[in-house]
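Listed below, chain by chain, are the residues.
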Amino acid sequence: ALVAAAGALAGAFVLWRSDDGHQPRWHSALVALAFATTIVWLDGEAGELVGVTHALGALSGLSSSVMGLTLLAWGNSVGDLVADVAVARRGGARMAVATCFGSPMLNDVLGLGLALSVGTAREAGNVLDVHLTASLFVAYGFLFASLLSSLVVFHVYDYDVPREYAFVLLGLYAALLVTQGVLLVL
């Protein structure tokens with residue numbers, strides 16, 4: 001309640017000291033504060049969503065890797081789907097295909113790369129305890145098959161890929177989910 005009151009007072013002060021015709025002197029500070037606040041809120045929401053997903057997985061008997069392959073992966077991809085469809089409808093089909101691969105790759109390279117770099121720096125001198133499970137090897141195998149087949153198909157069709165290839169990729173994803181489910185039973 002105290003934070004809400006302080007925010008309301010700060011907002012009232014900014015409104016009182018602002019003019020519609022001119023940008024306030026503290027505009028850059030407000031933008032930086034808004035950016036930092038957004039990061040804090042997104043971090044909190046992401047933590048809660050991961051916790052709920054983990055709880056749903058525990059209640060349903062599914063492992064966290066299967067929940068990550070389905071629920072979290074789908075939720076993480078919705079924004080890219082909307083953006084890619086909008087770009088394709090505006091005539092940028094090649095750009096949409098490129099962002100299908102480029103956007104998640106950039107997220108993985110920056111997100112995972114930064115997180116792993118910080119984690120490695122924090123654990124400098126310690127032996128990292130890493131367990132490579134069969135589930136992880138299967139996931140990487142299907143990822144490699146998907147990326148390699150896409151590379152070949154895009155090259156062969158000169159990026160004018162037939163619609164049926166989407167069903168091939170969906171089939172690969174379904175096979176991955178079935179294989180991961182079988183690994184859970186074993």
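Residues numbered from 1 in each chain as written. Predicted model: local features only at pLDDT ≥ 70, side-chain atom pairs only at ≥ 80, totals over all residues. Heavy atoms only, no water.

> Which residues make up the overall build of the chain, and what are the values?
Scanning the chain from N- to C-terminus turns up six helices and zero strands. Written out in order from the N terminus, the α and β elements of the chain read α-α-α-α-α-α. Whereas a compact globule of 186 residues would reach a radius of gyration of roughly 16 Å, the chain reaches 23 Å, over 25% beyond that. Principal-axis analysis of the C-alpha atoms places the extent of the chain at approximately 60 × 50 × 40 Å. Scored against the burial criterion, the 186 residues of the chain give a buried share of 10%. Counting only contacts in the chain whose residues sit at least 6 apart along the sequence, the fraction spanning at least 24 positions is 52%. (Helix = DSSP H or I, 4+ residues; strand = E, 2+ residues; numbered from the N terminus. Rg over C-alpha atoms; globule rule 2.2 N^0.38 Å. Buried < 20%, exposed > 50% of the residue type's maximum accessible area, 1.4 Å probe, protein only. Contact = heavy atoms within 4.5 Å.)

> Can you tell me about helix α2 (residues 27-60), naming the residues and giving the values?
If you check α2, its first and last C-alpha atoms are 49 Å apart, about what 34 residues at 1.5 Å a residue would give, namely 50 Å. With its phi angle positive at about 85°, Gly61 sits one or two positions after the end of α2. (Expected span 1.5 Å × (residues − 1).)

> Just give me the short version of the packing of helix α5 (residues 134-156) against helix α6 (residues 164-185), but keep the residues and values in it.
Direction vectors running N to C along α5 and α6 enclose 170°, while the axes themselves pass 10 Å from each other. Viewed along their axes, α5 and α6 adopt a mutual orientation that is roughly antiparallel. Two secondary-structure elements touch here, α5 through Ala134, Ser135, Val138, Ala139, Phe142, Ala145, Ser146, Ser149, Ser150 and Val153 and α6 through Tyr165, Leu169, Leu172, Ala175, Leu176, Thr179, Gln180 and Leu183. Per-class residue counts for the contact of α5 with α6 are 12 nonpolar, six polar and no charged. (Axes fitted to C-alpha atoms, helices over the stretch in contact; angles between N-to-C directions. Parallel < 35°, antiparallel > 145°, perpendicular 65-115°, else oblique. Nonpolar A, V, L, I, M, F, W, Y, C, P; charged D, E, K, R; others polar.)

> How would you sum up the packing of helix α3 (residues 64-89) against α6? Please name residues and give values.
Packing of α3 against α6 leaves a shortest axis separation of 9 Å and a crossing angle of 145°. Every residue of α6 that contacts α3 at Val66, Leu69, Thr70 and Trp74 is listed here: Tyr173, Leu176, Leu177, Gln180 and Leu184. Here the residues of the contact of α3 with α6 sort into seven nonpolar, two polar and no charged.

> Go over the side chain of Ser135 with me, naming the residues and quoting the values.
One can find Ser135 in helix α5. Polar side-chain contacts of Ser135 include one of 2.5 Å to the side chain of Gln180. Once you skip the residues sitting within four places of it in the chain, Ser135 turns out to touch Ser65, Gln180 and Leu183. (Polar contact = N/O pair within 3.5 Å; in protein donor to acceptor, adjacent residues only side chain to side chain.)

> I'd like a description of the side chain of Gln180, backed by residues and values.
Within the element layout of this structure, Gln180 appears in helix α6. Look past the residues within four positions of Gln180 in its chain and what remains in contact with it is Val66, Leu69, Ser135, Val138 and Ala139.

> An account of the packing of aromatic side chains is requested, with residue identities and associated values reported.
The tally for this structure, following the rule as stated, stands at two aromatic pairs. Here the aromatic rings of Phe13 and Trp16 are separated by 6.0 Å at their centres, their planes lie at 55°, and the arrangement is tilted. With a gap of three residues between them, Phe13 and Trp16 both fall in helix α1 (residues 2-17), about one helical turn apart. In this structure Phe13 comes out as partly exposed when scored by relative accessible area, which is 44%. Arranged with centres 6.2 Å apart and planes meeting at 70°, the rings of Phe154 and Tyr165 form a pair that is edge-to-face. Taken together, the positions of Phe154 in helix α5 and Tyr165 in helix α6 put the pair 11 residues apart, joining distant regions of the chain. Judged by its relative accessible area of 8%, Tyr165 is buried. (Phe/Tyr/Trp six-rings, centres within 6.5 Å; stacked < 30°, edge-to-face > 60°.)

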